[in-house]
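# Close look at the chain arrangement
Residues per chain are reported as follows:
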Amino acid sequence: MPQIAQLADTWSSQVFWLLVFFGITFFVIGKGMVPKVMDTVAQRDGQIAADLAAAKAARDAADEQEEAWRVKENENRAAAQAIVAKAKDEAAAKSEKKLKAAQTRIDKKLTDAEVRIAEARTAALAEVEAVASEAAQDIVKTLAGVKVTKPVATAAVKEQMAHG
Amino acid sequence: MAAEQAKVDPMYQFTIEPLAGSGGWELAGYNIAFTNSALWMLITTVVLFLFVLGGMRRELVPGRWQMMVESFTGFIDNMLEANIGKAGRKYVPYVFSLFMFILFANLLGLLPLGVIGLHPFTFTSHFTVTGVLAIISFSIVLIVGFWRHGLHFFSLFVPHGTPLPMIPVIAPIEFISFMVRPFSLGLRLFVAMMAGHVLLEVLSSFVIDGTNAGAGFGLLVGLPSFLLMIGICALELLVAGIQAYVFALLTSLYINDAENLH
């Protein structure tokens, strides 16, 4: 077993070179390089955590803005509906007024017309009576030779006309 | 040809040889020859350096290599945090170095370089090496323990809720189990790595000797041994990872004792 057989000859060289190379390993690799590697890992973890936090913050902000937009949108819609309703009411009131005015005008025209018709009829009737009584006077004078006075003739005509 | 005996010595692979005439190098009277063992420590260090260097691109979106390195550091970091807590993070450089150094040494020692005439050397199959690593870990436990808790660190030997009359009995047992830790830590890795390599070597001698002894023996002994070797090679890859993990895990558990007592 060389480990024991050569122990006396080689232990010092083994220990020396092990200390040299393990020392190099520890101080150069362990102390020098490993912390940097771990630092990189820590940086990456930090970056990922920061990115996630930023993304979450952005999402929250977006949610907030959407909520605000929704509220505003609802307000705008309500305002628009109010304006539309008001305009509708105003238009309805206006047209009602116009209609009323037109109705009044028409009614007035109608009444006037009726009055004029009545007057015209009365005048026509009076004329017819006058003509009829004159005609009756003439007819009686011609046929019977009797002179009928105007009031009598008129009364007779009136009577006849009343009978139809 | 069949008469010629194949000489497969399963222990020869652990022989340490000075390289390039460095056998006489000395430092303060101690021999510090640059051996094949030291060469593989150098190779391990360089390969590990290149591996981690590939993970240093520091990109926000990691590539495969960077991901691999980061998953190793993350693995050690998680292990220390699970076993020690927040205070465990400061031990990441040491435990990472320990784990990766042992892991790469184990894996590099398993490379099939014999095919192209080179001989990989697994220095973790030498208890001089694993022993030093275990002593370093144990020293850290002692230093951290006494630094943080002072003499109160000795309360480690008296578990919570021990009845007063039992303390004289329990404390020596706890003390012995505590002092055994560096040995179990170092021996476990050394034994596991050596046993695996010896097993592979013995099986390979079965393949070679069996085949040399004739077609019948080759089919009867050589082929099954060869198939078994393939399986054991896969097992050894697993063992290489598990032993490195166990070494790092036990180190972190021991450091936990020092950080938090019981």
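Rules of the game
Residues numbered from 1 in each chain as written. Chains lettered and ligands numbered in written order. Predicted model: local features only at pLDDT ≥ 70, side-chain atom pairs only at ≥ 80, totals over all residues. Heavy atoms only, no water. Helix = DSSP H or I, 4+ residues; strand = E, 2+ residues; numbered from the N terminus. Rg over C-alpha atoms; globule rule 2.2 N^0.38 Å. Contact = heavy atoms within 4.5 Å. Areas by Shrake-Rupley, 256 points an atom, 1.4 Å probe, with all protein chains shown as cover. Lys, Arg positive; Asp, Glu negative; His and termini not counted. Charge placed at Lys NZ, Arg CZ, Asp CG, Glu CD. Salt bridge = Lys/Arg side-chain N within 4 Å of Asp/Glu carboxyl O. Buried < 20%, exposed > 50% of the residue type's maximum accessible area, 1.4 Å probe, protein only. Patch = residues over 30% accessible without salt bridge, like charges linked within 9 Å, V, L, I, M, F, W, Y side chains within 5 Å. Buried area = accessible area lost by both parts, 1.4 Å probe. pLDDT = per-residue confidence, 0-100. Axes fitted to C-alpha atoms, helices over the stretch in contact; angles between N-to-C directions. Parallel < 35°, antiparallel > 145°, perpendicular 65-115°, else oblique. Left-handed = near helix turned anticlockwise from the far one by under 90°. Nonpolar A, V, L, I, M, F, W, Y, C, P; charged D, E, K, R; others polar. Expected span 1.5 Å × (residues − 1).

### A short note on the overall build of chain A
When helices and strands are tallied, chain A shows three helices and zero strands. Counting from the amino terminus, chain A carries its helices and strands in the arrangement α-α-α. Here the C-alpha radius of gyration of chain A, 63 Å, is well above what a compact globule of 164 residues would show, namely 15 Å. The C-alpha extent of chain A, read off along each of the three principal axes, is 195 × 25 × 15 Å.

### Comments concerning the overall build of chain B
Counting its secondary structure elements, chain B contains six helices and two strands. Each helix and strand of chain B, placed in order from N terminus to C terminus, yields the pattern β-β-α-α-α-α-α-α. Across its three principal axes, chain B shows a C-alpha extent of roughly 75 × 55 × 45 Å. Sequence separation of at least 24 residues holds for 67% of the intrachain contacts in chain B that already meet a minimum separation of 6. Surface accessibility of chain B: about 13400 Å² in total, with carbon and sulfur atoms responsible for 74%. Each charge sign in chain B was given a centre, from 10 positive and 14 negative side chains, and these centres are 14 Å apart.

### Focus: the pattern of salt bridges
This structure, assessed with the given rule, holds nine salt bridges over all chains. In this structure, Glu 73 of chain A and Arg 77 of chain A form a salt bridge, with 3.6 Å as the shortest nitrogen-oxygen distance. One end of the pair is Glu 73 of chain A and the other is Arg 77 of chain A, both in helix 2 (residues 7-144) and four residues apart, which spans about a single turn. For Glu 73 of chain A, a relative accessible area of 27% corresponds to the partly exposed category. Its salt-bridge partner being Arg 89 of chain B, residue Asp 77 of chain B comes within 2.9 Å of it at the nearest N-O pair. In this pair, Asp 77 of chain B sits in helix 2 (residues 64-83) while Arg 89 of chain B sits in the loop between helix 2 and helix 3 (92-109), placing the two residues 12 residues apart along the sequence. Of the residues examined, Arg 89 of chain B reaches a relative accessible area of 41% and is grouped as partly exposed. Each of the salt bridges in this network shares a partner with another, and the network as a whole consists of Lys 90, Arg 148 and Glu 259 of chain B.

### Quick word on a nonpolar patch on the surface
A grouping of Ile 24, Phe 27 and Val 28 of chain A together with Leu 42, Val 46, Phe 49, Leu 50 and Leu 53 of chain B is seen on the molecular surface, where their side chains present a nonpolar patch of about 650 Å² in accessible area. The set of elements that each furnish at least two residues to the nonpolar patch consists of helix 2 of chain A together with helix 1 (36-54) of chain B. Among the elements that line the nonpolar patch, the one with the most residues is helix 1 of chain B, at five residues.

### Brief notes about the interface of chain B and chain A
Tallying the contact residues gives 50 residues for chain B and 36 residues for chain A. With both chains or domains summed, chain B and chain A bury close to 3900 Å², and 76% of this area falls on carbon and sulfur atoms. Three residues stand out in chain B for area buried against chain A, namely Met 56, Arg 58 and Leu 60 of chain B, and they jointly supply 14% of the buried area on that side. The shortest N-O distance in the salt bridge between Glu 70 of chain B and Arg 44 of chain A comes to 2.9 Å.

### Some remarks on the environment of Ala 80 of chain A
As for its position among the elements, Ala 80 of chain A is in helix 2. On a C-alpha basis, the gap between Ala 80 of chain A and Phe 26 of chain A in space is 77 Å, while along the polypeptide they are 54 residues apart.

### Thoughts on the confidence of the model for chain A
For chain A, the mean per-residue pLDDT works out to 90, and 99% of the residues sit at or above 70. Mean pLDDT in chain A bottoms out at helix 3 (residues 150-163) of chain A, which sits at 79, and peaks at helix 2 of chain A, which reaches 92.

### Side note on the side chain of Gln 243 of chain B
Among the structural elements, Gln 243 of chain B can be located in helix 6 (residues 215-260). Beyond its immediate stretch of four places on either side in the chain, Gln 243 of chain B contacts Asn 106, Arg 188, Leu 189 and Ala 192 of chain B.

### Some details on the side chain of Thr 45 of chain B
Within the element layout of this structure, Thr 45 of chain B appears in helix 1. Once residues lying within four places of it in the same chain are set aside, the contact partners of Thr 45 of chain B are Phe 21, Ile 24, Thr 25 and Ile 29 of chain A together with Phe 101 of chain B.

### Topic: the packing of helix 2 of chain A against helix 3 of chain B
Their axes nearest at 8 Å, the elements helix 2 of chain A and helix 3 of chain B cross at an angle of 120°. The pairing of helix 2 of chain A with helix 3 of chain B is recorded here as oblique in orientation. As helix 2 of chain A runs across helix 3 of chain B, the sense of the crossing is right-handed. The segment helix 2 of chain A lies against helix 3 of chain B, with Leu 18, Phe 21, Phe 22, Thr 25, Phe 26, Ile 29, Gly 30, Lys 31, Val 34 and Met 38 of chain A engaging Val 92, Pro 93, Tyr 94, Phe 96, Ser 97, Leu 98 and Phe 101 of chain B. Across the contact of helix 2 of chain A with helix 3 of chain B, the residue classes break down as 13 nonpolar, three polar and one charged.

### Points about the environment of Asp 209 of chain B
All names here are of chain B. Within the fold, Asp 209 resides in helix 5 (residues 167-212). Using a relative accessible area of 31% as the deciding quantity, one classes Asp 209 as partly exposed. For the pair formed by Asp 209 and Met 56, sequence separation is 153 residues and the distance between their alpha carbons is 49 Å.

### Some words on helix 3 of chain B
With 18 residues, helix 3 of chain B should cover 26 Å at 1.5 Å per step; its first-to-last C-alpha distance of 25 Å lies within 8% of that length. The element helix 3 of chain B is largely enclosed, with a buried count of 17 among its 18 residues.

### Quick look at the confidence of the model for chain B
Residue and element names in this part refer to chain B. For chain B, per-residue confidence averages 86 on the pLDDT scale, and residues scoring 70 or more make up 97% of the total. Taken element by element, the predicted model of chain B shows its lowest mean pLDDT in strand 1 (residues 26-27) (78) and its highest in helix 3 (92). The complex prediction reports pTM at 0.74, with the ipTM value standing at 0.86.

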